[in-house]
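Each chain, written out:
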Amino acid sequence: MQTRVRRIVSDIKALRIQGARNIARSAIGALIIEAKESKAKTSDALVREMKLAGDTLAASRPTEPMMRNAIEDANRYLAGEAKKQDVKRLKTAFAARENAQLERMVREFERLTEYGSGLIPDNAVVLTHCHSSTVTGILKRAKIDGKRFSVVACETRPRWQGRITAAELAKAGIDVTLVVDGAANMMMKKADLCLVGADSITSKGDLINKVGTSMIAHLARMHDVSFFSAAELSKFSRFTMYGEREKIEERDHAEVWDRPPRGVKIRNPAFDVTASSYISGYVTEMGVIPAQSFFNVAAQKLGIDI
Ligand code: RUB
């Protein structure tokens, strides 16, 4: 595997690249590098090399179907084309195709942020958790659309991604307040809307996102506040269709407490599951859809035969 690709894998593992979209885009970028710099002599050898790079990327964060779907799609294309094209042509065609995918993702993201902006009422208080580039994209779009609103960002222990959100929004001129995660209930009393990202959506429409998201969804329900998740359709986790569960990544306990006293056990799940019944809707590139419809719309978009 190419050195630059290995570096991307380690950046994803260490959260220097974080958030499902950034991870998926970086993985596509890594596959382009791998193909371009490959020394494979035949198309079949290239397919094998790319499969290995894809598997290593996919294993870097286990709860990332957007990345997995992109890798599977790339493998499928390469396997199909290997019979038709020599290795040199295949490399060029693959890079062009994947670059076009990246551009398409940007256009879809723009559409999604438009729909998301439409959801934000004037003078709203929006509560968010963790750092989702899709959520910050919507909020920045709402600002451009002339909406007046403020944001409460939960800091998100143990890796403080809420600080990334707060810094990014402040830089965009958005009124933002950072709170500790334990203040979510108090802040919810004044909130009009919760907007969080998504790592994975199951066939039941359940949401898997940064740990603590389900707690916020419960609080939102308690205070009768709408709870939306911003999720491209490619965050659909295919294998949940067949009864398999999405694996919840468990990270190093040192992120929580590096030298705990003897006898203290530590758990560090990176994500949790919010049941579809708590979700007012998913903001997707096709519009704002009910959680129960996510599967159908995603299957259509991803060409999954039901
Ligand atoms: C990030 C997180 C984000 C989603 C969506 O977790 O849970 O809400 O990934 O992000 P981590 P985006 O920091 O552990 O990667 O909207 O950018 O895809």
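The sections below set out a description of the structure shown in this document.

Secondary structure summary: the protein contains 10 helices and 10 strands in total. Its C-alpha atoms give the protein principal-axis dimensions of about 60 × 50 × 40 Å. Counting contacts in the protein only where the partners sit at least 6 residues apart, residues at least 24 apart contribute 75% of the total. Surface exposure of the protein reaches about 14400 Å², of which carbon and sulfur atoms provide 52%. Distance between charge centres in the protein, computed from 48 positive and 37 negative side chains, equals 3 Å.

Right, let's get into the packing of aromatic side chains. For the structure shown, the criterion picks out three aromatic pairs. With centroids separated by 5.6 Å and ring planes inclined at 50°, the aromatic side chains of Phe 236 and Phe 295 adopt a geometry described as tilted. Remark: Phe 295 occurs in helix 10 (residues 294-302) and Phe 236 occurs in the loop between strand 7 (226-230) and strand 8 (271-274); sequence separation between them is 59 residues. We note that Phe 236, like Phe 295, is buried. The ring of Trp 160 is capped by Arg 163, whose NZ or CZ atom sits 4.4 Å from the centre of that ring.

Attention now moves to the site of the ligand. Close contacts around the ligand come from 18 residues, with Gln 18, Ser 132, Ser 133, Thr 134 and Asn 209 the closest. In the model, an oxygen atom of the ligand is placed 2.6 Å from a nitrogen or oxygen of the Ser 133 side chain. In the model, an oxygen atom of the ligand is placed 2.8 Å from a nitrogen or oxygen of the Gln 161 side chain. Relative to its free-state accessible area of 450 Å², the ligand is covered by the protein chains to the extent of 100%. Its atoms largely coinciding with the cavity grid, the ligand occupies the largest cavity. For the shell around the ligand, the elements supplying multiple residues, two or more each, are helix 2 (20-37), helix 6 (133-144) and strand 6 (207-210). Broken down by class, the residue content of the shell around the ligand amounts to four nonpolar, nine polar and five charged.

Before going further, it helps to examine the sheet that holds strand 6. Across the sheet, which stays open at both edges, the three strands sit in the order 5-6-8 with antiparallel pairing between neighbours. Because the sheet does not close on itself, it has two edges, and the strands there are strand 5 (200-201) and strand 8. Pairing between strand 6 and strand 8: four bridges, direction antiparallel. Along strand 8, the bridge assignment pairs Ile 208 with Val 273. Where helix 9 (residues 213-222) meets the sheet, its contacts fall on strand 6 and strand 8, and the angle it forms with strand 8 comes to roughly 35°.

With that settled, the discussion passes to the sheet that holds strand 3 (residues 175-179). Taken in spatial order, the seven strands make up an open sheet running 3-2-1-4-7-9-10, and their pairing is mixed. Pairing within the sheet leaves two strands with one partner each, and these edge strands are strand 3 and strand 10 (287-289). The average undirected angle you get between the axes of adjacent strands in this sheet is 25°. Sheet topology places strand 2 (residues 149-154) next to strand 3; five bridges connect them, and they run parallel. Pairing of Val 151 across the sheet is with Val 176, part of strand 3.

Within the secondary structure layout, Lys 13 lies in helix 1 (residues 3-13). Its relative accessible area of 47% is what places Lys 13 among the partly exposed residues. Placed 82 residues apart in sequence, Lys 13 and Ala 95 show a C-alpha to C-alpha distance of 24 Å. With sequence-adjacent residues up to four places away left out, Lys 13 is seen in contact with Ser 60 and Arg 251.

For the largest pocket, the calculated volume is near 380 Å³. What lines the largest pocket is a set of 17 residues, and nearest its centre among them are Ala 70, Gln 101, Arg 104, Ser 234 and Leu 302. Secondary structure elements with two or more residues in the lining of the largest pocket: helix 4 (65-82), helix 5 (87-119) and helix 10. Partitioning the lining of the largest pocket into residue classes produces five nonpolar, three polar and nine charged. When its volume is computed, the second largest pocket comes out at roughly 270 Å³. In terms of lining, the second largest pocket is formed by Thr 202, Ser 203, Lys 204, Asp 206, Ile 208, Thr 240, Gly 243, Glu 244, Arg 245, Glu 246, Ile 248 and Val 273. Here the residues of the lining of the second largest pocket are counted per class, giving three nonpolar, four polar and five charged.

So, about empty space enclosed by the protein. Any empty space left between the atoms is revealed when a probe the size of a water molecule rolls over them. Using the criterion set out here, one finds two cavities of 30 Å³ or more in the structure. As a volume, the largest cavity reaches approximately 180 Å³. For the largest cavity, the lining is made up of 20 residues, of which Gly 19, Ala 20, His 131, Asp 199 and Asn 209 are closest to its centre. Sorting the residues of the lining of the largest cavity by element identifies helix 2, helix 6 and strand 6 as the ones contributing at least two each. Taken together, the residues of the lining of the largest cavity break down into four nonpolar, 10 polar and six charged. In this structure, the second largest cavity spans a volume of roughly 50 Å³. Considering the residues around the second largest cavity, the lining is formed by Leu 15, Arg 157, Pro 158, Arg 159, Gln 161, Lys 210, Val 211, Arg 251, Glu 255, Asn 268, Pro 269 and Ala 270. Split by residue class, the lining of the second largest cavity holds five nonpolar, two polar and five charged.

Thresholds applied
Residues numbered from 1 in each chain as written. Predicted model: local features only at pLDDT ≥ 70, side-chain atom pairs only at ≥ 80, totals over all residues. Heavy atoms only, no water. Helix = DSSP H or I, 4+ residues; strand = E, 2+ residues; numbered from the N terminus. Contact = heavy atoms within 4.5 Å. Areas by Shrake-Rupley, 256 points an atom, 1.4 Å probe, with all protein chains shown as cover. Lys, Arg positive; Asp, Glu negative; His and termini not counted. Charge placed at Lys NZ, Arg CZ, Asp CG, Glu CD. Phe/Tyr/Trp six-rings, centres within 6.5 Å; stacked < 30°, edge-to-face > 60°. Buried < 20%, exposed > 50% of the residue type's maximum accessible area, 1.4 Å probe, protein only. Lys NZ or Arg CZ within 6 Å of the ring centre and 35° of its normal. Near = heavy atom within 4 Å. Polar contact = N/O pair within 3.5 Å; in protein donor to acceptor, adjacent residues only side chain to side chain. 1 Å grid on protein atoms, 1.4 Å probe; cavity = no way out; pocket = protein on both sides within 12 Å on 5 of 7 lines; lining within 4 Å. Sits in = over half its atoms within 2 Å of the grid points. Nonpolar A, V, L, I, M, F, W, Y, C, P; charged D, E, K, R; others polar. Pairing = 2+ DSSP bridges. Axes fitted to C-alpha atoms, helices over the stretch in contact; angles between N-to-C directions. Points joined across faces, edges and corners; volume = space filled by probe spheres on them.

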